[in-house]
Amino acid sequence: MLVGGFLEVIVALAGIGTAVTLYPVVKRQNEGLALGFVTSRVVEGIMIFTGVVSLLSLVTLHQNLGAAAGANAASLVATGASHVAVYHWTFLLSQSLMPGINAVLLGTLMYPVPPGSRASFP
């Protein structure tokens, strides 16, 4: 599980890195949309980091479950279930919804505009 968390951190950093690297290229097309693309990739990375933190806290909770003296088992199970729910929701939003938003923004920015015409994007 720790390796999975590490790999998700790499995914988040790579997503942010690709957006920052593409920014100078796509800002020539439309600076506002280019900044929106970078922002959406940063938001995606933050959501992935949130999922990793919930996953790692679940691992810590599981490792310390036997050492918790006097802890109510039902409350520990409820806490673990809430960490799993946070992870599932952040995964759903960060790696299912946000890539669609990023693709729409990047596709709009990469759409060729004929020379001599001015593109008007909303």
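No experiment lies behind these values; they were computed from the predicted model shown.

Quick notes on the rules
- Residues numbered from 1 in each chain as written.
- Predicted model: local features only at pLDDT ≥ 70, side-chain atom pairs only at ≥ 80, totals over all residues.
- Heavy atoms only, no water.
- Salt bridge = Lys/Arg side-chain N within 4 Å of Asp/Glu carboxyl O.
- Helix = DSSP H or I, 4+ residues; strand = E, 2+ residues; numbered from the N terminus.
- Polar contact = N/O pair within 3.5 Å; in protein donor to acceptor, adjacent residues only side chain to side chain.
- Contact = heavy atoms within 4.5 Å.
- Axes fitted to C-alpha atoms, helices over the stretch in contact; angles between N-to-C directions.
- Parallel < 35°, antiparallel > 145°, perpendicular 65-115°, else oblique.
- Left-handed = near helix turned anticlockwise from the far one by under 90°.
- Nonpolar A, V, L, I, M, F, W, Y, C, P; charged D, E, K, R; others polar.
- Expected span 1.5 Å × (residues − 1).
- Buried < 20%, exposed > 50% of the residue type's maximum accessible area, 1.4 Å probe, protein only.
- Core = buried A, V, L, I, M, F, W, Y, C linked by side-chain atoms within 4.5 Å.

(A) Just the pattern of salt bridges, in detail. Counted according to the given criterion, the structure contains one salt bridge. Its salt-bridge partner being R41, residue E44 comes within 3.7 Å of it at the nearest N-O pair. Of this pair, E44 and R41 both sit in helix α2 (residues 31-63), three residues apart, roughly one helical turn.

(B) Representation of the side chain of S94 within the structure. Relative to the helices and strands, S94 resides in helix α3 (residues 73-110). Engagement of the side chain of S94 in a polar contact is seen with the backbone oxygen of T90, the distance being 2.5 Å. If sequence neighbours within four positions are ignored, S94 has contacts with E44, M47, I48 and P99.

(C) Expanded view of the packing of α2 against α3. Between α2 and α3, the least distance of the axes is 8 Å, while the angle of their chain directions is 160°. Considering their axes alone, α2 and α3 lie roughly antiparallel with respect to each other. As for the relative orientation of α2 and α3, their crossing is left-handed in sense. Class assignment for the residues of the contact of α2 with α3 results in 20 nonpolar, 14 polar and two charged.

(D) Representation of helix α1 (residues 2-26) in the model. In a regular helix each residue adds 1.5 Å, so 25 residues correspond to 36 Å; α1 covers 36 Å between its end C-alpha atoms and thus fits that length. Within α1 the residues assigned to the buried category are G5, E8, A12, G15, A19, Y23 and V26. On its buried face, α1 is in contact with α2 and α3.

(E) Layout of the environment of S54. Note on placement: S54 falls in helix α2. For the pair S54 and T90, spaced 36 residues apart in sequence, the C-alpha to C-alpha distance is 9.4 Å. Every residue in contact with S54, bar those within four places of it in the chain, is listed here: H83, V86 and Y87. For S54, the side chain forms a polar contact with the main-chain oxygen of G51, separated by 2.8 Å.

(F) Fine view of the nonpolar core. Counting residues in each nonpolar core, the largest one holds nine residues, listed as A19, Y23, V26, L33, A34, F37, V38, L105 and L109. Contributing elements (two or more residues each) for this core: α1, α2 and α3. The greatest single-element share of this core, amounting to four residues, is contributed by α2. Beyond its immediate chain neighbours, meaning those up to four positions away, Y23 contacts E31, A34, L35 and V38.

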